[in-house]
Amino acid sequence: MTNVIKLPIPQNTPNKLPRKRVFYLGWRYVGPMLCQDIQHLYLKRKGMSNGTRWWGMITYGKYDDCDPREYSLELEECEEEAVPDLLRMFEMESEVSFEDLRGMGWRGHCDYRAEIIDFSNIQTLGG
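Described below are features of the structure shown in this document. Everything numeric here is computed off the predicted structure, so don't read it as measured data. (Residues numbered from 1 in each chain as written. Predicted model: local features only at pLDDT ≥ 70, side-chain atom pairs only at ≥ 80, totals over all residues. Heavy atoms only, no water.)

Digging into the pattern of salt bridges
1) Next: The tally for this structure, following the rule as stated, stands at 4 salt bridges.
2) Next: The salt bridge partner of Glu74 is Lys46, with a shortest N-O separation of 3.0 Å. With Glu74 in strand β4 (residues 71-79) and Lys46 in strand β2 (residues 37-49), this residue pair connects regions lying 28 residues apart in the sequence.
3) Next: Put simply, Lys46, Glu74 and Glu77 are held in one network by salt bridges that share partners. (Salt bridge = Lys/Arg side-chain N within 4 Å of Asp/Glu carboxyl O. Helix = DSSP H or I, 4+ residues; strand = E, 2+ residues; numbered from the N terminus.)

What about the side chain of Glu80?
1) Next: Within the element layout of this structure, Glu80 appears in the loop between β4 and α1 (83-89).
2) Next: Judged by relative accessible area, Glu80 falls into the buried class, the value being 11%.
3) Next: When near neighbours in sequence (up to four residues on either side) are disregarded, Glu80 contacts Arg53, Trp55, Gly105, Trp106, Arg107 and Gly108. (Buried < 20%, exposed > 50% of the residue type's maximum accessible area, 1.4 Å probe, protein only. Contact = heavy atoms within 4.5 Å.)

Some points on the packing of aromatic side chains
1) Next: Per the counting criterion, the structure on display carries 5 aromatic pairs.
2) Next: Taken together, a centroid distance of 5.1 Å and an interplanar angle of 75 degrees make the contact between Tyr42 and Tyr60 edge-to-face. Of this pair, Tyr42 sits in strand β2 while Tyr60 sits in strand β3 (residues 52-61); the two residues are 18 residues apart in sequence, bridging distant segments of the chain.
3) Next: For Tyr60, a relative accessible area of 38% gives the class partly exposed.
4) Next: Pairwise contacts between aromatic rings join Tyr24, Tyr42 and Tyr60 into one cluster. (Phe/Tyr/Trp six-rings, centres within 6.5 Å; stacked < 30°, edge-to-face > 60°.)

Quick notes on unusual backbone geometry
For residues besides glycine, phi is generally negative; the peptide bonds are generally trans as well.
1) Next: The phi torsion at Leu34 lies on the positive side, around 65 degrees, for a residue other than glycine.
2) Next: Among the secondary structure elements, Leu34 is positioned in the loop between β1 (22-30) and β2.
3) Next: For Leu34, a relative accessible area of 84% puts it in the exposed group.
4) Next: In the Ramachandran plot, Asn50 falls in the positive-phi region, its phi being about 55 degrees despite a non-glycine side chain.
5) Next: Among the structural elements, Asn50 can be located in the loop between β2 and β3.

A word on the nonpolar core
1) Next: Among the nonpolar cores identified, the biggest contains 16 residues, and Leu25, Leu43, Met57, Val83, Leu87, Leu101 and Met104 are the most heavily contacted of them.
2) Next: Elements that contribute at least two residues to this core include exactly β1, β2, β3, α1 and α2 (98-104).
3) Next: Ignoring anything within four residues of it in the chain, the contact list for Val83 reads Leu43, Trp55, Cys78, Leu101 and Trp106. (Core = buried A, V, L, I, M, F, W, Y, C linked by side-chain atoms within 4.5 Å.)

Now the structure itself:
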């Protein structure tokens, strides 16, 4: 006699962090008026420290004009919950959605609320 045992089918867990740690956000103008330069901004997922994940805003540039190599320059860092504020500080909040942040491995909370206006009860003019 043969016994058949059904095993559950393994599913991919969506909670895994992506392998990539640096994500391109976009560019912005920096510098004084009429002498501006374009700066490309990247969001970097850093490691865990005391149970809190840290993120950083970085760009790539040269330390010296004579140096041919470009280095990673960290502009700012923050805790995971403050990533939306970091994006707002660098004027990148319209470039990235919360869904995009989740895809980057962000596990913070979305506590941004807006007032909901119900247009179904509003009378139309002339109609």
